[in-house]
Amino acid sequence: MKQHLWPLFLEAVKRDVVPALGCTEPISVALAAAIAIDELGMDRHSEQLLTEVKIDVAVSANLMKNGMGVGIPGTGMVGLPIAAAIGTVAGDRHAGLEVLKNLTAADVAAAKQMLDNQQVTVGVADVANILYAKVTVYYQQQTVSVTIADSHTNVIAIEKNGELLAAFAAMEQSENNDNVSKDNLFVEAKLQDIYDFAIHAPIADIRFILQAKTLNDALSNEGLTGDYGLKIGATFIKNQERGLLSGGLLTEVLTRTAGASDARMDGAMMPAMSNSGSGNQGIAATMPVVVSADFLKSSEEQTVRALMLSHLTAIYIKSYQNKLSALCGATTAAMGSAAGITYLLDGEIEQVSAAICSMIGDVSGVICDGAKTACAMKVSSSAGAAVKAALMAIDGIRVTGTEGIVADDVDQTIRNLASLANGAMTQTDVQILEIMMHK
């Protein structure tokens with residue numbers, strides 16, 4: 001076993017599995033706006049903020065796609081303009097992906113007033129970065145610009161009145177060093193190494209992953225009992241009561257996983273535990289495993305190890321892909337759940353590998369057409385595919401290396417999926433955005 005990688009695995013999980021309030025693409029815009037208004041030195045409750053400040057938002061095409069139609073927590077609205085306005089009025093720059101955790105009804109009213117006053121403009125930037133957001137705040141003769149790129153909280157530039165702030169350089173270097181260590185880690189690691197770590201690491205070192213269960217299960221309960229989005233989770237429950245669906249593992253996985261995504265995508269004021277910068281990916285890597293562990297009456301240790309296997313596998317698979325793409329991230333995150341469920345069903349590395357290969361043979365190519373309430377359908381579909389692949393794997397059945405993009409070797413199959421996402425599907429992404437912008 002490559003135990004020298006274990007501290008790096010821990011570092012990767014603690015960095016990429018974090019609480020996030022709201023869809024992380026518009027949250028990046030809110031975070032940049034919060035930093036910008038702080039650097040401008042304005043009183044957030046001043047009349048000037050609500051009448052004289054102008055906010056210009058320029059984002060990459062991918063970020064525009066994911067920000068157009070998704071609910072912004074606590075606002076009852078969708079889109080990047082309200083994200084920028086509420087970040088300006090109420091954002092906590094030190095809270096990262098939970099930047100909007102402290103907003104009030106008065107803050108929401110003020111942000112909506114800024115939109116009514118046409119103080120916010122949003123456009124697509126001509127940049128090479130897949131994930132990019134630049135927020136510029138104007139007040140009288142002063143301007144502050146904050147740029148986030150490549151990951152959702154990675155500030156790469158803060159400029160005031162055209163000058164780069166001196167405090168920025170050390171922060172940029174730190175972020176770059178983190179990215180380098182992550183890249184090097186997954187060049188050397190294989191799925192076998194991830195499996196060895198999840199199954200054999202000291203339980204005390206990895207028990208923290210249970211916070212993913214706590215947060216995402218609470219979000220699921222909120223989605224199943226509240227009035228959110230397309231009510232996909234609640235629809236499964238209603239149709240069990242009608243006798244059109246029966247209970248069991250698959251139905252429970254679909255119901256509770258969809259419930260979490262319903263709430264998250266419609267702006268619930270509750271954080272999701274994210275994975276690789278996405279709340280839905282965190283839900284897809286968590287809830288199918290949690291439900292399976294509950295159904296199978298697994299021990300706490302088995303649950304911890306299954307969740308760690310799921311989340312680290314999801315990070316590993318995503319590490320080969322662009323941060324945002326035309327490939328639905330929930331499908332790749334649920335491949336982690338397929339691994340975790342297979343482990344809970346007493347599968348070993350051979351069966352875990354088979355489940356992932358079958359998932360790639362099943363749901364590869366599901367498109368991402370922006371963040372929205374309908375994402376809960378794709379999240380639940382991915383969760384169902386994870387259960388199906390795990391059940392096949394424990395009976396020795398898998399999509400073989402002679403079929404489609406699947407190879408005999410699981411690590412090669414994961415790289416094949418990344419080639420599809422990063423290659424031909426880049427043009428798919430362009431076409432998706434063109435359709436969305438001209439409906």
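You'll find the structure just up there.
Throughout, a residue's number is its position along its own chain's written sequence, starting from 1. Only residues with pLDDT of at least 70 get local features here, since the model is predicted, and only at 80 or more are side-chain atom pairs given and counted; chain-wide, interface and lining totals rely on the full set of residues. Only heavy atoms go into the side-chain values, all of them from the structure, while hydrogens and water stay out.

A count of helical and extended segments in the protein gives 19 helices and 10 strands. Against the globule reference of 22 Å for 439 residues, the protein gives a C-alpha radius of gyration of 21 Å, in line with a compact fold. With the principal axes as the frame, the protein shows a C-alpha extent of 70 × 50 × 45 Å. Put simply, the protein has 439 residues, and 57% of those count as buried. What makes two residues a contact is simply this: any of their non-hydrogen atoms within 4.5 Å. For the protein, long-range pairs separated by at least 24 residues make up 77% of all intrachain contacts whose partners lie at least 6 apart in sequence. With an accessible surface of roughly 17,000 Å², the protein has 51% of that area assigned to carbon and sulfur atoms. If you average the places of the 30 positive and of the 47 negative side-chain charges in the protein, the two averages end up 3 Å apart. Think of it this way: any DSSP run of H or I at least four residues long counts as a helix, any run of E at least two long counts as a strand, and we number them from the N terminus. Radius of gyration: over C-alpha atoms. The globule rule applied is 2.2 Å multiplied by the number of residues raised to the 0.38 power. Here's how the labels work: a residue is buried when its accessible area is under 20% of the maximum for its type, exposed when over 50%, partly exposed in between, all with a 1.4 Å probe on protein chains only. Exposure was quantified through the Shrake-Rupley algorithm and a 1.4 Å probe, taking into account, for residues, occlusion by the shown protein chains and nothing else. We score Asp and Glu as negative and Lys and Arg as positive, and we do not count His or the chain ends. To locate a charge, take NZ of a lysine, CZ of an arginine, CG of an aspartate or CD of a glutamate.

Now for the sheet that holds strand 8 (residues 155–160). Here, strands pair whenever DSSP counts at least two bridges between them. In spatial order, the strands read 5-2-6-7-8-9; together these six strands make up an open sheet with mixed pairing. Strands at the two margins of the open sheet, each flanked by one partner only, are strand 5 (120–124) and strand 9 (163–164). Note: strand 6 (residues 132–139) against strand 7 (residues 142–149), eight bridges, orientation antiparallel. Bridging across to strand 7, tyrosine 138 finds its partner in threonine 143. Across the sheet, helix 5 (residues 80–90) is in contact with strand 2 (54–59) and strand 5; its angle to strand 5 comes to roughly 130°. Here an axis means a line fitted to C-alpha atoms, over the contact stretch when the element is a helix, while the angle between two N-to-C directions is reported on a 0 to 180 degree scale.

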